[in-house]
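# A structural walkthrough
Chain residues, written in single-letter form:
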Amino acid sequence: MATIDGRPAQYGITLKQLREVMEHRGREGVAKIIEFGGVGELCRKLYTSPNDGLSGSRSDIDHRRETFGSNVIPPKPPKTFLTLVWEALQDVTLIILEVAALVSLGLSFYKPADEDAPVLQEEDEHHGWIEGLAILISVIVVVFVTAFNDYSKERQFRGLQSRIEGEHKFSVIRSGEVCQISVGDIVVGDIAQIKYGDLLPADGCLIQSNDLKVDESSLTGESDHVKKGVDIDPMVLSGTHVMEGSGKMIVTAVGVNSQAGIIFTLLGAAVDEQEAEIKKMKKEAKKAKKSKSLTGGEDGRAPVKNMDIDSLPPSDGLKSDSDGNHIQQTSSAVESSHKKEKSVLQAKLTKLAIQIGYAGSTIAVLTVIILIIQFCIKTFVIEEKPWKNIYANNLVKHLIIGVTVLVVAVPEGLPLAVTLSLAYSVKKMMKDNNLVRHLDACETMGNATAICSDKTGTLTTNRMTVVQSYICEKLCKVLPTLNDIPQNVGNLITTGISVNSAYTSNILPGVNPGDLPNQVGNKTECALLGFVQGLGVKYQSIRDEITEDKFTRVYTFNSVRKSMGTVIPRSNGGYRLFSKGASEIMLKKCAFIYGHDGTLEKFTRDMQERLIREVIEPMACDGLRTISVAYRDFVPGKAAINEVHIDNEPNWDDEENIMTNLTCLCVVGIEDPVRPEVPDAIRKCQRAGITVRMVTGDNINTARSIASKCGILRPNDDFLILEGKEFNRRIRDTNGDIQQHLIDKVWPKLRVLARSSPTDKYTLVKGIIDSTVSDNREVVAVTGDGTNDGPALKKADVGFAMGIAGTDVAKEASDIILTDDNFSSIVKAVMWGRNVYDSIAKFLQFQLTVNVVAVIVAFIGACAVQDSPLKAVQMLWVNLIMDTLASLALATELPTPDLLLRKPYGRTKPLISRTMMKNILGQALYQLFIIFGLLFVGDWILDIESGRGQDLGAGPTQHFTIIFNTFVMMTLFNEINARKIHGQRNVIEGLFTNPIFYTIWIFTMISQVIIIQYGKMAFSTKALSLDQWLWCIFFGIGTLVWGQLITSVPTRKLPKILSWGRGHPDEYTDAMNLGEERFDSIDSDKKPRAGQILWIRGLTRLQTQISVPLRVIRAFRSTLEDLNERRSMHSLHSLRSPRTGNIQGFPSIYNANLLSPNYVQQVQQQQQQQQMRLQMPRNTDSALLTDLKYIDEDSFQQHNGRQLPATVSNAAQKSQQELNEQTQNETRI
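Below, the discussion takes up helix 23 (residues 678–687). Regarding helix 23, the residues found buried are Val-678, Pro-679, Ala-681, Ile-682, Cys-685 and Gln-686. All buried residues of helix 23 fall inside an arc of 160 degrees around its axis, so they share one side. Those residues of helix 23 that are buried lie in contact with strand 11 (450–453), strand 24 (691–695), helix 24 (700–710) and helix 30 (823–865). Remark: Gly-689 follows helix 23 within two positions and exhibits a positive phi of approximately 85 degrees.

This brings us to the side chain of Glu-525. If you trace the backbone, Glu-525 turns up in helix 18 (residues 523–534). The buried category is assigned to Glu-525, whose relative accessible area is 7%.

If you look at the biggest cluster of nonpolar residues, it comprises 64 residues, and the most contacted ones within it are Phe-964 and Phe-967. Not counting residues within four places of it along the chain, the set of residues in contact with Phe-964 comprises Leu-870, Gln-874, Trp-877, Val-878, Gln-1008, Ile-1011, Ile-1012 and Thr-1021. If you look at the next biggest cluster of nonpolar residues, it comprises 63 residues, including Ala-448, Ala-688, Met-694 and Leu-900.

Attention now goes to empty space enclosed by the protein. Leftover empty space is mapped by rolling, across the atoms, a probe with the size of a water molecule. Per the counting criterion, the structure on display carries 14 cavities of 30 Å³ or more. Taken as a whole, the largest cavity encloses approximately 150 Å³ of empty space. Every residue lining the largest cavity is counted, 16 residues in all, and those nearest its centre are Gln-845, Asn-919, Asn-977, Lys-980 and Thr-1047. Secondary-structure elements contributing two or more residues to the lining of the largest cavity are helix 30, helix 32 (914–941), helix 33 (958–977) and helix 36 (1026–1048). By residue number, the principal contributor to the lining of the largest cavity is helix 36, which donates 4 residues. Its residues assigned to classes, the lining of the largest cavity shows 3 nonpolar, 11 polar and 2 charged.

Here we come to the packing of aromatic side chains. Scanning all chains against the criterion turns up 16 aromatic pairs. Centre to centre, the rings of Phe-992 and Tyr-998 are 5.9 Å apart; their planes meet at 45 degrees, and the pair counts as tilted. In this structure Phe-992 comes out as exposed when scored by relative accessible area, which is 62%. With a centroid separation of 5.9 Å and an interplanar angle of 90 degrees, the aromatic rings of Trp-1031 and Phe-1034 are classed as edge-to-face. Here Trp-1031 and its partner Phe-1034 are both found in helix 36, 3 residues apart, which amounts to about one turn of the helix. Look at Trp-1031 and you get partly exposed, because its relative accessible area is 40%.

Spatial strand order, 10-29-28-27-11-24-26-25: 8 strands in an open sheet with mixed pairing. Looking at which strands have only one partner, the edges of the open sheet turn out to be strand 10 (434–436) and strand 25 (720–723). Strand-to-strand twist in this sheet, taken as the mean axis angle between neighbours without regard to direction, amounts to 20 degrees. With 3 bridges connecting them, strand 10 and strand 29 (residues 816–818) associate as antiparallel partners. Its bridge partner being in strand 29, Asn-434 is matched across the sheet by Leu-818. Contacts from helix 25 (residues 724–731) reach strand 25 and strand 26 (750–754) within the one sheet, and its direction differs from that of strand 25 by about 105 degrees. Seen against the sheet, helix 27 (residues 758–770) touches strand 11, strand 24, strand 26 and strand 27 (780–784) and runs at an angle of roughly 165 degrees to strand 27.

Reading guide: rules and limits
Residues numbered from 1 in each chain as written. Predicted model: local features only at pLDDT ≥ 70, side-chain atom pairs only at ≥ 80, totals over all residues. Heavy atoms only, no water. Buried < 20%, exposed > 50% of the residue type's maximum accessible area, 1.4 Å probe, protein only. Helix = DSSP H or I, 4+ residues; strand = E, 2+ residues; numbered from the N terminus. Arc of directions from axis to C-beta. Contact = heavy atoms within 4.5 Å. Core = buried A, V, L, I, M, F, W, Y, C linked by side-chain atoms within 4.5 Å. 1 Å grid on protein atoms, 1.4 Å probe; cavity = no way out; pocket = protein on both sides within 12 Å on 5 of 7 lines; lining within 4 Å. Points joined across faces, edges and corners; volume = space filled by probe spheres on them. Nonpolar A, V, L, I, M, F, W, Y, C, P; charged D, E, K, R; others polar. Phe/Tyr/Trp six-rings, centres within 6.5 Å; stacked < 30°, edge-to-face > 60°. Pairing = 2+ DSSP bridges. Axes fitted to C-alpha atoms, helices over the stretch in contact; angles between N-to-C directions.

This is how it looks when you write it as structure tokens:
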């Protein structure tokens, strides 16, 4: 018989049987496990030990992977380079250019047999094909550059994805040791430790659990937490979140065989069918719109209205990325819309791009019309020539000039600049310990005006140590020894701390002999375990004696309890409860305390108050966190004064009576020093106009002390320090409802919020974001590490999760993960964010100058000399300089500390400031003056042959070559000017710190020399002499001198109308969504005009690039979301059981079975339950927080093509009438 690692190769249970086991829930699951002989027998069949886990040998792990599969769901294959080339070719402007170039190429070879053309013209036609070919080559270059950029970015982002994936580790037991392994390495048979905040990476059966509650909404849609236990519901599933408690499970299914994996496999099979369905729907929608516009009636709506919900494929939660669209489930769509709603820069860019586009297309059309009219009048009216087929070539060339004007006018480089700037910043931010999950968060952070930070681990080192203790009425400012403590009290303290803490919390020796020990797990518990070690006791030997499976009950720590309790059996019968928690809360539950020499005393109210006043408050004022340890005995026989007599096992669910009349053992003061770099980082924030607030669950005195040390509280400031209760009292009206005007009285001065619950944090963040008290609307960043911080992290404009201390749930809800948990990393994020904003503003300043000049020159040239002084190929080259190369050069500027010396922009600041507009218009005037001077008198000044009035087929002239060359020189030198946007005089400063900039600048200059001297017919250029070159360079350097003159003009005297891109352009939100072409927007009442649709979809690459996530960011997002699909509850919301789906028009929490005959009644019932829940009085109860979290994340409706977030605030304000109307509407469907 074959053996693997000393055991049989044949397992006692098959993959199919394991899959069947995991399909059962609740009591059925318990029965199914019993069928196989219980969990212990299941472990034996899989050759694993419940206590020691797998051996961990390579051969054993590999064999399990071969037999049961690996814990990886294969990602979608990345787009190939050719696919990206094909996508870049879809741009309508490029298509028009390609067609025009091909027509021009064809006509250049076309010689009509019936017409006698002059010899000279035949000679010219010999070179006629060159321009057509040159345009085609230019288009191909543009396409390949775009595709290459997209390809390299996608590769970068896949690297980022694997980095995030690698960050996700999980605790398993192998060879009796607890170790952290990557989730991809988990195999069937592994014994995994699960705890509060974990996102489960595989399916499993519980071996042991303590107060375990799991959020399975990602699979079932039910927002209520499901209680799990060996005897009630032992099945835990991948993709679900542990919301409370801890436990141990045996892994029974991984990867594609897990419940989440099975659903993904089913969905994957439906992708092609779904894509075909969507395309078909879009076609029908277009027909419907056409028929409506033709008839002018409502008939066109019929095909759309008849499309029933049932016609949607069952996998309508899956994202399809084949055509750049995301068809997502409710919550992800919500997330994207939430991001869209909050990306300040992107909204301004969209508005600006559309305005520029309209202007550019108008001028382009006018240019073509004027050129064609002038040609026709001159040829057929004045010269009275008959039509010849050869004239078609002239008309095509006019069209090419017009289209080229459009190419130059449309800011196609803008998306590229945004993408490059963000991608470059994201890559660099990784080195600054910022792992960016949502790209637009990077830019939003630059606008941040407020930061709500946690205390522990963010402002402090999160390396906790016990520095003071109060035991048996003796206050020690140094660590006592075990001999200083009465023996019976010492034993109780050491046992209580060792047992009543998560067994995942450990103190491990440092890597090198001189290093400090490593604290693994909860840092507060590690400090207490360190205290036990300091007393000379090995906590591990106590744990080995009292293993987790001996625990009778565990009351896990949560934000409401603020304590933890563990019940263990006593050796001589009965039970012992150990408890620890926040001192002032614990002392209220204590009725006894050990006095001098370990004598038991009653703990009176006076003693409590004296202890708080003389011990706890001084400790807190020193910045220490105070923790009390207590115990209580339940005995079957005669009970002592501090014991409870029991006949039967107590009702452990009656927590209030269990956790009372405790005996206090000790109070310890735990020091968590302020990080040395934090005070300076906070000073930088304050100088940069950002208000830092501390939101902590700690004691108010501890919070005040730490806030003063950090510099959050400054001596002469007018500030507020509140506790959660007082905060709630101030912001609620007499009915207990939160009022915005009351929040507005509190938040501007609030600096510290202590003893706060996650609900308080959410309320504060929401209140600041919604407030209109400040002129420039606040942009709020929030840090969080706990599961319950999820709502606040999601609500914030930018959510920072802790990479080390943060739970998986917090990381999922965040935008940026701080890999070092350090506040100073947030300051770096602010700097990078501002740099992104400034980089894009620099690019805009540069590009708009070129746009204005090129368009006006082409237009006036067409009117005045019947030809554009800048030829099509030349303008394409200019477009390449100002788009791809300039965006690369200007988007890769490194941030400087000066960025933190100005105030944040806020939400409503114009994108193009008056200073920038002054620079744009000033430089444009100079360049136009030089170009038109050269156009009309340049031939006379430089003594060269004039290029004006030449036939369209004539060869290139030095005159027009000088104009082209001067334009490029002025553009190149203006690129140096564009590096400064705040009116600085020294534009050279920092030039040589950016090698990308000067490399591109030199490359462009060399390319220009080659084009002028050797371009000939292909670029319509004629070689220039040295004198002529010097003139061109002289005019180019003139832009630098002119720039200094413009800087001298006072900006304040300019009218405010010169600032563009102000505020949040609500009227363009539809335009931002058009690139995604969501099908449900077809029936929207508020449709953009046909012209707008054509413009946004057709004329530019903006439809796939400017609307976040931009085409490249979309690739990033899809790759990142592939990861999230495997890790996150969000991406599983559409993955209800195959028979149950989200009904379009209902929030995802209304989860009705489509096949049920009582479908409508089910929905109405769930709506009523939801409404009752929302009408409950608001308090800090954690049960409400549960609902709050899921309403915030998932409760969204799609109505008339627009997504309406039903967050807690507006959901609570919904009237009964609206709910009834909604039900009626859905009933009609």
